[in-house]
Amino acid sequence: MTPASSSLPRGDHWFDDGLYTSVNELAHRSPGWLDTAVSLWSTYGLVLLGALLMAAWWRARPVDPARAALALAAPLVVVAAFVVSTALKALLREQRPCQTLRTVTVEACPALGDWSLPSNHAVLAAAVATTLLFTDRRLAALAVPAAVAMAASRVWVGAHYPHDVVLGLVVGAAVAGALMAGARRAAAPVAERLQATRLRPPVAKR
């Protein structure tokens with residue numbers, strides 16, 4: 001575990017300071033293997049969620065060109081959610097809890113200016129899970145709890161307040177839901193046009 005620097009300026013108190021500290025203390029008391037597992041998920045879980053996006057496209061392609069086209073739009077939707085999250089971070093400019101609270105964290109505390117609200121990890125995870133609700137409900141059943149686990153892991157490792165990850169989940173789901181709803185209306189006509197061109201393979205296997 002990595003101690004946060006006590007020389008950093010103390011920021012405003014948040015309503016969930018106590019919850020963050022309790023989770024942090026629990027992580028400190030937990031077995032090392034558990035902290036390692038949570039840290040690995042926090043770091044690499046988004047790769048697995050990205051693989052689910054690819055799987056959704058692969059599963060749709062042989063059976064439903066419109067759904068395959070929608071699955072191809074999903075990564076762009078996730079990128080859009082990330083852009084919104086980055087803009088919110090720059091606007092809200094909330095310091096990391098490991099910089100404003102005297103805690104011992106599982107992971108090294110990010111540098112000053114690496115803003116905390118909302119959690120990008122939570123935004124991306126929620127955006128992936130939401131796109132899968134539109135393209136592949138079976139994979140979404142895996143992605144939704146995985147997104148919640150990603151959000152929780154960011155608090156566990158000390159990188160975010162609980163409200164950071166909750167807002168991240170809300171932003172990711174809201175942006176992805178709105179964009180996927182619009183993309184769904186365009187998916188069928190786009191897929192139909194693509195099937196008449198050399199760009200047929202991405203939306204139809206045969």
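Criteria and cut-off values
Residues numbered from 1 in each chain as written. Predicted model: local features only at pLDDT ≥ 70, side-chain atom pairs only at ≥ 80, totals over all residues. Heavy atoms only, no water. Helix = DSSP H or I, 4+ residues; strand = E, 2+ residues; numbered from the N terminus. Buried < 20%, exposed > 50% of the residue type's maximum accessible area, 1.4 Å probe, protein only. Contact = heavy atoms within 4.5 Å. Areas by Shrake-Rupley, 256 points an atom, 1.4 Å probe, with all protein chains shown as cover. Disulfide = S-S within 2.5 Å. Salt bridge = Lys/Arg side-chain N within 4 Å of Asp/Glu carboxyl O. 1 Å grid on protein atoms, 1.4 Å probe; cavity = no way out; pocket = protein on both sides within 12 Å on 5 of 7 lines; lining within 4 Å. Points joined across faces, edges and corners; volume = space filled by probe spheres on them. Nonpolar A, V, L, I, M, F, W, Y, C, P; charged D, E, K, R; others polar. Patch = residues over 30% accessible without salt bridge, like charges linked within 9 Å, V, L, I, M, F, W, Y side chains within 5 Å. Phe/Tyr/Trp six-rings, centres within 6.5 Å; stacked < 30°, edge-to-face > 60°. pLDDT = per-residue confidence, 0-100.

## As for the overall build of the chain
When helices and strands are counted, the chain shows seven helices and two strands. When the helices and strands of the chain are read in sequence order from the N terminus, they spell out β-α-α-α-α-β-α-α-α. Relative to its full complement of 206 residues, the chain shows a buried share of 45%. Taking the intrachain contacts of the chain between residues at least 6 apart in sequence as the baseline, contacts between residues at least 24 apart amount to 81%. When the accessible surface of the chain is split by element, carbon and sulfur atoms take 67% of a total near 10,400 Å².

## A short note on the state of the cysteines
Evaluation of the coordinates by the stated rule reveals one disulfide. A sulfur-sulfur separation of 2.2 Å characterises the disulfide bridge that pairs C98 with C109. The sign of the 80° torsion about the S-S bond sets the C98-C109 disulfide as right-handed. Highlighted residues: C98 in helix α4 (residues 97-100) and C109 in the loop between β2 (104-105) and α5 (120-135), separated in sequence by 11 residues. Look at C98 and you get buried, because its relative accessible area is 1%.

## Observations concerning the pattern of salt bridges
Summed over all chains, the structure comprises four salt bridges. D136 is the salt-bridge partner of R59, the closest N and O atoms lying 2.5 Å from each other. One end of the pair, R59, is in helix α2 (residues 32-60); the other, D136, is in the loop between α5 and α6 (137-156), with 77 residues separating them in the sequence. Given a relative accessible area of 5%, D136 falls into the buried group.

## With respect to the layout of surface pockets
Here the largest pocket defines a volume of roughly 170 Å³. Lining the largest pocket are 13 residues; nearest its centre among them are A149, A151, A152, S153 and V155. Going through the elements one at a time, α2, α6 and α7 (162-195) are the ones with two or more residues in the lining of the largest pocket. A per-class count over the lining of the largest pocket returns 12 nonpolar, one polar and no charged.

## A closer look at a nonpolar patch on the surface
Taken together, the side chains of L40, Y44 and V47 present a nonpolar region at the surface, about 340 Å² in accessible area. As for its placement among the helices and strands, Y44 is situated in helix α2. Of the residues examined, Y44 reaches a relative accessible area of 53% and is grouped as exposed.

## Digging into the packing of aromatic side chains
Counted according to the given criterion, the structure contains two aromatic pairs. For the ring pair Y20 and Y161, a centre distance of 5.8 Å and an interplane angle of 55° mean the geometry is tilted. Separated by 141 residues along the polypeptide, Y20 in helix α1 (residues 17-29) and Y161 in the loop between α6 and α7 bring together distant segments of the chain. Note on accessibility: Y20 and Y161 belong to one class, buried.

## Thoughts on the environment of E107
Here E107 lies in the loop between β2 and α5. For the pair E107 and V157, spaced 50 residues apart in sequence, the C-alpha separation works out to 5.5 Å.

## Let's talk about the confidence of the model for the chain
Predicted confidence across the chain gives a mean pLDDT of 85, with 85% of residues reaching 70 or more. A low-confidence stretch, residues 4-11 stays under pLDDT 50, and its non-local contacts, those more than four residues away or across chains, total 12 contacts.

## Notes on unusual backbone geometry
Look at the link from L117 to P118: it is a cis peptide, with omega at -5°. Within the secondary structure, P118 is located in the loop between β2 and α5.

## Digging into the side chain of S85
Tracing the sequence through the fold places S85 in helix α3 (residues 65-92). Residues within four places of S85 in sequence aside, it is in contact with P118, S119, N120 and V123.

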